[in-house]
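# Inside the fold
Listed below are the residues making up each chain.
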Amino acid sequence: MIDPHRRRTLQSMAIALGATVLPGCATRTPTSIAPGDTAAALDSLRLWLNEHAGRRPQVNLSVAVLDGDTVTFAGGYGIADPASGLRASERTRYRAGSISKVFTAVAALKLAEQGRLDLDAPLADVLPGFGMRSRQAHADAVTPRQILRHRAGLPGDWAQGMWSDTPEPFGRLVTHLQDEFLSSPPGRLYAYSNVGFSLLGAAIEHITGEPFARWMQDQLLQPLNMPASAFEIAPPSGPFAAAALDAKGRAEHEPGLRDLPAGGLNTTVVDLLQLARLWFQQGRMDGRQILSPASIAAMQTPPHPPALADNADMGLGWHLLDEEFDGVGPLLWHAGGTPHHHAQLMLLPQLKLAVAVMSSAVGAGELAQDSALKALTLMAQARLGRDPTRPLRQGADPVYPPVDLMSASQRLDGHYDTPMGLVRLHAGGQQVHASLGGQRLTLVRQPDGYLKLRARLLGLIPIDIGPLGDLAFSRHDTADGQTWLIARRRGRFSLAGTRLEPVPIPVAWKNRLGLYRYDGSDSFLAAQIQSARVFEAEGLLQVELSAGTDSIRLALAPVNDQEAIIRGLGRGRGETVHARQDGADTVLRHAGMRFVRQGGST
């Protein structure tokens, strides 16, 4: 029972393993470009975009590239609005989605510089009424800095009411969360959270005494010279607005968004690059110091060497990727996505290069990401005169060496919670077979002892699994007795899965097995969610949430007769599912959603 809009694809699973797996196809074979030959880099970029965007006429795409202080490339591909025939261009307005969080982070640092927000003090000090229950005695308080790093232990989403043309104010989340539990102790684990940034936005409203959208417009967007940008509930409108496009390129409705601080920025690719300009000028814009160099540095610095369980290097609001480019990192990155819109913003501060890519077409996320990375790679090559992509590291002693996974004591057999749900692993010969919902994959032992994923159609024809094919897997046993599936890419390790052992299932929960239907007032959720099936399999209490053509399986650990925790680590895990009897109805609640059991148990 997590965010039903999440797409369960191999590509998204690869990205989820640390937010560090960017598409290799876009950068591994850069065109030969001489040092300083920016024109050749841009010619190569145009050819690449013409080819790849041209293959998908139903998709729109806008791209802009910043080199130092100059936008050296800006243009669009496809139709922005079928009704008017408007073509996509650098002036087209899209939803930036979660890139909005970087702007909210800048606002928080700005208030911290003014002495109005202490990043390390309890959030409750500046957000009256905020408080959540904790299953750990003497847990630390939630702080703004933890929110900015996605380490606050907050739920990932409050799904009820998130997508609506007339949503309630996002500040109401304070009330909704008062009887909810933290998903993990604050400060312990990385877990991406929209809720956290909405709460931070509510704190900004309280500190400034102004509506969040107005304060951001006056104090940040206008000083950044972003005239086409605004934080808005509704998708973009007006003469340059992109329509939300379905998979066939037809316009359709996209609802409004409650969580403005987490995803409500409407903007253009050229406007987005103003944030990169601010970075390259150490916080100055048109002679005005908007953010101090110290804050700029803090936002792009991780707090400590990455922990295996973190699966991400986070600055304050930025993802920090140090594995893609050789000697010129880190790459500052944030992506954004709504039901239709996709956005990418990538910065290489050391080279003063940045790229923004946006689309409003379903299924264009991978193209947007490939395009952004391709543009940045070509421009970096023109600056350096060499292939800027980081080669695979060979010969170094791995931090987590492979273990003999075929031995009886080290086998990977069992159920694992992964970013995309439950995976069943079982060994056979020199291979480990993996079942993820209806997909079957094989982990094949390599000469170095690690395992790599392979897939075959009908068991015969090899299938390209994209970035997942770059990952090498092994096992790691933690000091507290957990077994983790770990993934290695370019010398960097991340947590890919946590083995789940059976836990006792109380009779009260066994009596709740069955098929559930969404029974809330949210029309968007009602159209998206087909069912939630609670069942017992191989000693695990499981729930399968079906939304459209997608589904995800998760394991539950009952805490008592009325509450169960979603098992695993990361986004959506550790959150509580509440059960109650409402007259004759058996009801489950999670993230504000209400599900009612249909008929008897199954």
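The coordinates are above.
Residues numbered from 1 in each chain as written. Predicted model: local features only at pLDDT ≥ 70, side-chain atom pairs only at ≥ 80, totals over all residues. Heavy atoms only, no water.

Below, the discussion takes up the overall build of the protein. Helix and strand content of the protein: 13 helices and 31 strands. Going through the 602 residues of the protein one by one, you find that 58% of them count as buried. Sequence-distant contacts, at least 24 apart, represent 65% of the contacts inside the protein between residues at least 6 apart. Carbon together with sulfur atoms contributes 50% to the accessible area of the protein, which is approximately 22,900 Å² in total. (Helix = DSSP H or I, 4+ residues; strand = E, 2+ residues; numbered from the N terminus. Buried < 20%, exposed > 50% of the residue type's maximum accessible area, 1.4 Å probe, protein only. Contact = heavy atoms within 4.5 Å. Areas by Shrake-Rupley, 256 points an atom, 1.4 Å probe, with all protein chains shown as cover.)

This part is about the packing of aromatic side chains. Per the counting criterion, the structure on display carries six aromatic pairs. Relative to F231, the ring of F212 has its centre 5.3 Å away and its plane inclined at 85°; by these criteria the two rings are edge-to-face. With F212 in helix α7 (residues 212-221) and F231 in strand β6 (residues 230-231), this residue pair connects regions lying 19 residues apart in the sequence. Side by side, F212 and F231 carry an identical accessibility label, which is buried. Considering the side-chain rings of W279 and W318, the 5.7 Å spacing of their centres and the 80° angle between planes classify their relative orientation as edge-to-face. Of the two residues, W279 sits in helix α9 (residues 269-280) while W318 sits in the loop between α10 (293-299) and β10 (319-321), which places them 39 residues apart along the sequence. The class for W279 is buried, based on a relative accessible area of 2%. Judged by its relative accessible area of 0%, W318 falls in the buried class. Of note, R512 hangs over the ring of W509, and the distance from its end group to the ring centre comes to 4.7 Å. (Phe/Tyr/Trp six-rings, centres within 6.5 Å; stacked < 30°, edge-to-face > 60°. Lys NZ or Arg CZ within 6 Å of the ring centre and 35° of its normal.)

Before going further, it helps to examine the sheet that holds strand β24 (residues 514-518). Reading around the circumference, β24-β25-β26-β27-β28-β29-β30-β31 is the order of the eight strands in this closed barrel, with antiparallel pairing throughout. Sheet twist, expressed as the average angle between the axes of neighbouring strands with direction ignored, equals 30°. When strand β25 (residues 529-537) meets strand β26 (residues 540-547), the two strands line up antiparallel, connected through eight bridges. Paired with S531 across the two strands is S546, which belongs to β26. (Pairing = 2+ DSSP bridges. Axes fitted to C-alpha atoms, helices over the stretch in contact; angles between N-to-C directions.)

Here we come to α7. Looking at α7, one finds that the buried residues are F212, W215, M216, L220 and L221. Viewed end-on, α7 has its buried residues packed into an arc of 155°, placing them on one side of the element. (Arc of directions from axis to C-beta.)

It is worth spelling out the pattern of salt bridges at this point. Under the defined criterion, the tally for this structure stands at 21 salt bridges. One salt bridge in this structure joins R135 and E563, with 3.3 Å as the shortest N-O distance. Of this pair, R135 sits in the loop between α3 (100-113) and α4 (144-148) while E563 sits in strand β28 (residues 563-566), placing them 428 residues apart in sequence. Judged by relative accessible area, R135 falls into the partly exposed class, the value being 35%. With relative accessibility at 11%, the residue E563 sits in the buried group. Here R594 ties to D519 by a salt bridge, and the two come within 2.2 Å at their closest N and O atoms. Note that R594 is positioned in strand β31 (residues 593-597) and D519 in the loop between β24 and α13 (523-528), a separation of 75 residues in sequence. Linked through salt bridges whose partners overlap, the residues forming this network are D519, D582 and R594. (Salt bridge = Lys/Arg side-chain N within 4 Å of Asp/Glu carboxyl O.)

The next point concerns the environment of A121. Residue placement: A121 occurs in the loop between α3 and α4. The buried category is assigned to A121, whose relative accessible area is 16%. C-alpha separation for the pair A121 and R145, spaced 24 residues apart in sequence, amounts to 8.7 Å. A121 has contacts with V142, T143 and P144, leaving out every residue within four places of it along the chain.

To continue, consider the sheet that holds strand β5 (residues 94-95). In a beta sheet, neighbouring strands are held together by backbone hydrogen bonds and run either parallel or antiparallel to one another. Read across the sheet, three strands follow the order β5-β7-β6 without closing on themselves; strand pairing throughout is antiparallel. Only two strands of the sheet have a single neighbouring strand rather than two, namely β5 and β6. As paired strands, β6 and strand β7 (residues 265-267) are joined by two bridges and run antiparallel to one another. Bridge assignment links A230 to a residue of β7, and that residue is N266.

Time to look at the packing of α3 against α9. With their axes 11 Å apart at the nearest point, α3 and α9 run at an angle of 40° to one another. In terms of their interaxial angle, α3 and α9 are classed as oblique. Here the hand of the crossing between α3 and α9 comes out left-handed. Along the contact surface, α3 presents V102, F103 and V106, while α9 presents L272, L275 and W279. Counted by class, the contact of α3 with α9 contains six nonpolar, no polar and no charged residues. (Parallel < 35°, antiparallel > 145°, perpendicular 65-115°, else oblique. Left-handed = near helix turned anticlockwise from the far one by under 90°. Nonpolar A, V, L, I, M, F, W, Y, C, P; charged D, E, K, R; others polar.)

On to the nonpolar core, then. By size, the foremost hydrophobic cluster in this structure holds 76 residues, and its most contacted members are F103, L199, W279, M299 and W318. Not counting the four nearest positions on each side in its chain, L199 is found in contact with L123, L127, F130, L154, L173, V174 and L177. (Core = buried A, V, L, I, M, F, W, Y, C linked by side-chain atoms within 4.5 Å.)

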